[in-house]
Amino acid sequence: AIDSTVVFSSDLEHISILKQEKGKLLSFVIYSIPAFVVHRYSLQTISALYSSIRSHLQAIGEGIPAVISAWKNALRPLDIKMDALAKILKNYGISTMNLGSVLNNHMMLGRAWEHANALEQFWTGIQMNDQLLVKMEKALHNNAAGVETMARSSLLAPARALIICIQELYGLDDELLPETLRLAKISKVILFAIEFLLSQILQTRFRLRDFVSWLRSASSAVKAQDTPSDSVQSENARKRRVPQALIHRVANYFHDENNLDSEEGTTTEQIVGSCVSAILSGKKDFVQRRADESNSPNSVKTSLFDPEGISTLPPALNRTIKIADETFDQPRVCVQKTISQREIILPQD
């Protein structure tokens, strides 16, 4: 049997493969890799950065479905109540495609609305008990805050670390520069998408606070109808009455441009105009929104974002992983070009 032994020099510039049979040397091959010596420190840095960048991308990839699941669980208490409203409306033959429009009609018309009886059945149901609403409001606040914390730790932190690692690639090798610039540009899309996501989570938290406060006020007002002014129901309605400014804000939520189809977001998101689920699932293009909100004549889309037009989180992550693989494939190709081989076969007796 022929045994092979691999011997490395201390600087890894030379690799020898010895072939022996019964303790007798038959041949050996010497590989010379001068790039390991000339670019030693650059290759060490690139190797460390490759490990870091891949770990950050993996963390973001694992964090997206985790945040989606946590967000849906956070809104579930209010979703259950809104689904109960949809069931009542369906029994009355009322369209449930846009619950926000139904609630807005009740807000504007009250008993004058032709389907007021359906809403009164909802407001006076056991699910609209004020103590339950208070408990739900606290749960929503805590759950949404927990999702925001999770998004910061599992998405924002690795995205920022990713940007820093990519910036360290600058100047290591001129052949890496074009790919590094592409990698830096597409990775910024990930960071901007996550920052936009966090702003939407925070905005939704305030919207949920306003919406639940209005629910408590509207429920108490309906329960106080046709009761004496000094009754307990009337007193509770007065205590829970919300300012007119809050009513205007909630009415605007019902007509927000971010109102989603039920397939893209939860029932609650559809009502309050939240797009958190759509951002995480890649169905919300946040670049156009940022560009429209900018007063600068230079479009954000052309100055900061990927020229290929990627403007949603999951596609940006997939594209970044692909470009990272292409970027770190360059050093391997360059090292292969410098390898030289010499095989020596020893004469046998």
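Source: prediction; values computed, not measured. (Residues numbered from 1 in each chain as written. Predicted model: local features only at pLDDT ≥ 70, side-chain atom pairs only at ≥ 80, totals over all residues. Heavy atoms only, no water.)

### Things to note about the pattern of salt bridges
Quick note on the threshold: Think of a salt bridge as a Lys or Arg side-chain nitrogen and an Asp or Glu carboxyl oxygen that are within 4 Å of each other. Strands are runs of DSSP state E lasting at least 2 residues, helices are runs of H or I lasting at least 4, and numbering of each runs from the N terminus. Only protein chains enter the accessibility calculation, which uses a 1.4 Å probe; a residue whose area is less than 20% of its type maximum is buried, one above 50% is exposed, and one in between is partly exposed.
Applying the stated criterion across every chain, the model contains 10 salt bridges. Between Asp130 and Arg240 there is a salt bridge; the shortest N-O distance is 3.3 Å. Pair noted here: Asp130 is in helix H5 (residues 130–167) and Arg240 is in the loop between helix H7 (232–239) and helix H8 (244–254), with a separation of 110 residues, a long-range link. What makes Asp130 buried here is its relative accessible area of 14%. Put simply, Arg238 and Glu235 hold a salt bridge, and the shortest N to O gap is 2.9 Å.

### Points about the pairing of strand S3 (residues 24–32)
Cut-off, in case you're wondering: Two strands form a pair only when DSSP identifies at least two bridges running between them.
Strand direction decides the pairing type here: strand S2 (residues 14–21) and S3, joined by eight bridges, are antiparallel. Across the sheet, Leu18 pairs through a bridge with Phe28, a residue of S3. Two elements, S3 and strand S4 (residues 340–345), share six bridges in a ladder whose sense is antiparallel. By the bridge assignment, Tyr31 is partnered in S4 with Gln341.

### Section: unusual backbone geometry
Positive phi is not limited to glycine here, since Asp226 has a value of about 60°. Mapping Asp226 onto the fold places it in the loop between helix H6 (177–223) and H7. Taking the relative accessible area as the measure of exposure, Asp226 reaches 69% and is therefore exposed.

### Observations regarding the layout of surface pockets
To keep things clear, this is the line we draw: Residues are said to line a cavity or pocket when one of their atoms sits within 4 Å of a point; the points come from a 1 Å grid over protein atoms alone, cavities being sets where a 1.4 Å probe fits but cannot get out and pockets being open sets with protein on both sides within 12 Å along at least five of seven lines. Grid points are joined across faces, edges and corners, and a volume is the space filled by probe spheres set on the points. Under the scheme applied, nonpolar residues are Ala, Val, Leu, Ile, Met, Phe, Trp, Tyr, Cys and Pro; charged residues are Asp, Glu, Lys and Arg; polar residues are all the others, including Gly.
Of the volumes computed, that of the largest pocket is approximately 380 Å³. Elements with a minimum of two residues in the lining of the largest pocket: helix H3 (99–109), H6 and H7. Of the residues forming the lining of the largest pocket, the biggest block, five residues, is contributed by H6. Here the lining of the largest pocket is built from residues that sort into 10 nonpolar, five polar and four charged.

### Examining the packing of helix H2 (residues 40–91) against helix H4 (residues 116–123)
How we decide: Axes here mean lines fitted to C-alpha atoms, for a helix over just the part in contact, with angles spanning 0 to 180 degrees between N-to-C directions. Left-handed describes a crossing whose near helix is turned anticlockwise from the far helix by less than a right angle; the clockwise case is right-handed. Whether two residues are in contact is decided by their heavy atoms, any of which lying within 4.5 Å being enough.
Relative to each other, H2 and H4 sit at 145°, their axes nearing to 10 Å. Pair H2 / H4 crosses with right-handed handedness. Across the interface between the two elements, Lys81, Met82, Leu85, Ile88 and Leu89 from H2 touch Ala118, Leu119, Gln121 and Phe122 from H4. Grouping the constituent residues of the contact of H2 with H4 by class yields seven nonpolar, one polar and one charged.

### Focus: the pairing of S2
Of the strand pairs in this sheet, strand S1 (residues 2–8) and S2 are connected by seven bridges, and their pairing is antiparallel. Across the sheet, residue Ile2 finds its bridge partner in S2, namely Glu21. Linking S1 back to S2 in an antiparallel pair, the connection comprises five residues, with Leu12 at a positive phi of about 65°.

### Digging into the sheet that holds S4
What the four strands build is an open sheet, ordered S1-S2-S3-S4; its pairing is antiparallel. Looking at which strands have only one partner, the edges of the open sheet turn out to be S1 and S4. Direction aside, the axes of adjacent strands within the sheet are offset by 15° on average.

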